[in-house]
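Report on the structure
As a plain string of letters, each chain reads:
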Amino acid sequence: MTQARSNLIDSGSTPYYHCVSRCVRRAYLCGEDHLTGNSFEHRRQWVVDRLRTLTSVFAIEVCAYAVMSNHFHLVLHININESDKWNRDEILRRWTTLFTGPLLIQRHLSNAKLSCSELSRIDEYVAEYRSRLKSISWFMRCLNEHLAREANREDGCKGRFWEGRFKSQALLDEAALLTCMAYVDLNPIRAKLASTPEQSDYTSIQKRIEKTTEATDSRQPFMLKPFQNQEQDPNKTLPYILNDYLELVDWSGRAVRKDKKGSIAESSPPILARLEIDGDEWLKTMSRNNRFYRAVGRLKAMKAYAISTGQRWLQGLYCCGQLFQTG
C-alpha cells in the first residue's frame, strides 16, 4: 500500500536516502531511441546541471548519482545542521533563487521598510521555506519538474513525463549507505554502457576519479558530499576514506560479471571486513537492488525503522540479515 512521503522520509530516522525517478512508458530521459534514431544523450547534462544548481540552494547533499537512459539514481543526505544556521535573509535568498516568491518577500529583499505585522508574516514564510529547503520531496520536485518541462518543450508535447512520484529508500546505517552508493555508481557497468568506473559517464564515481587525478586540486566536486580525507571536519563528510571506496567499487565491478558471478578476490577490500558485510551477499546486491524496498540497514536498524513508521514488517529483513552479518 502506498504510504505518505512524510512516513517514508524522516530525517530523525536517517539523513541518507536512495531516490530513483523513471520515465513513463517509452519516454527517454537520455540515451538513443533505436526506433526513431533520435539521440537524447545531451539530456544527461541537464540532470547534472540541475543537481549542481539545487545543491547550491537546498540543505541537501548528493553522495552518489548515475544518469541512465530512462531513469536516474541519487543517494542524498539531508544536512539539517547546515540549514539551521541560515538566518532569515539567507533562507529568502536561497528560496528566491528558484522561485519569485510573494511581493512581500520581494519588498523585504529590496530593503523596503516593513511594518511589524509584515515582518511577522516574513518570519512565517522563512519557517516554511526553511522546512522546504531541507526536504527531499521539494528537492526532487524542483529537479523532476524542471527536467519534465525541458524534455516536453524539446519534444513539442505535453503530459506526464515521469511514471509517478520518485521512489525512496531509507539508508539506516553506514553499511547500507556504502552498499547503495556502490550500487548506484556501478549502474552503467551493469548495463554494459561502460567497462570501468572512470569510463562511466554522468556518474559520481567518474567525477570523483577525475578529481583525484588532478594534481592541482585534490578536493572533491562541489556538488558531491566529500569523503573523510577531503574535509577536516568529520561532521561534514561521508564516513569512509575515498581510496577505500574507489577500491571497493572497482573490486565489485570486476566481480559482478557473468563469467565471475559469486567469485571473490583472494583478499576482500578492508572496508568490507570492517563493516562485517558478507562478500557473496554483497555481490548479489550489486547485481540487483530490488532485494530491498523502503529501507536498507542492519537488522536492528530495520526493525527500529519499522516500529517508527508504524509497520509490522519490512521487505528485505531477511536479506539485510544475510548481507550485514551483525547488528
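Residues numbered from 1 in each chain as written. Predicted model: local features only at pLDDT ≥ 70, side-chain atom pairs only at ≥ 80, totals over all residues. Heavy atoms only, no water.

Focus: the side chain of N79
Tracing the chain through its elements places N79 in the loop between strand 3 (71-78) and helix 3 (80-85). Reaching out from N79, the side chain makes a polar contact with the backbone nitrogen of E82 at a distance of 3.1 Å. The contacts of N79, once residues within four sequence positions are left out, are A59 and E61. (Helix = DSSP H or I, 4+ residues; strand = E, 2+ residues; numbered from the N terminus. Polar contact = N/O pair within 3.5 Å; in protein donor to acceptor, adjacent residues only side chain to side chain. Contact = heavy atoms within 4.5 Å.)

Topic: helix 4 (residues 88-98)
For helix 4, the full list of buried residues reads I91, L92, R94 and W95. For helix 4, the arc enclosing every buried residue in end-on projection is 165°, short of the 170-degree limit, so these residues lie on one face. Between a side-chain oxygen at the N-terminus of helix 4 and the backbone nitrogen of D89 the separation is 3.3 Å; the capping residue is N87. (Buried < 20%, exposed > 50% of the residue type's maximum accessible area, 1.4 Å probe, protein only. Arc of directions from axis to C-beta.)

Focus on the nonpolar core
Counting residues in each nonpolar core, the largest one holds 84 residues, and the members touching the most others are I136, M140 and M181. Top element by residues in this core is helix 7 (residues 136-155). It accounts for nine residues. (Core = buried A, V, L, I, M, F, W, Y, C linked by side-chain atoms within 4.5 Å.)

Quick look at unusual backbone geometry
Phi is positive for N111, close to 70°, though the residue is something other than glycine. The exposure class assigned to N111 is exposed, which follows from its relative accessible area of 72%. Its identity is not glycine, yet K192 carries a phi of approximately 60°, on the positive side. With respect to the helices, strands and loops of the structure, K192 is situated in the loop between helix 9 (187-190) and helix 10 (204-212). Looking at K192, the relative accessible area reads 67%, which means it is exposed.

With respect to the sheet that holds strand 1 (residues 16-22)
Ordered in space as 2-3-1-4-5, the five strands form an open sheet in which the pairing is mixed. Taken across any chain shown, the strands that pair with only one partner, and hence form the sheet edges, are strand 2 (60-67) and strand 5 (295-296). Bridging between strand 2 and strand 3 involves seven bridges; their strand directions are antiparallel. Looking at strand 3, one finds that V67 is bridged to F72. (Pairing = 2+ DSSP bridges.)

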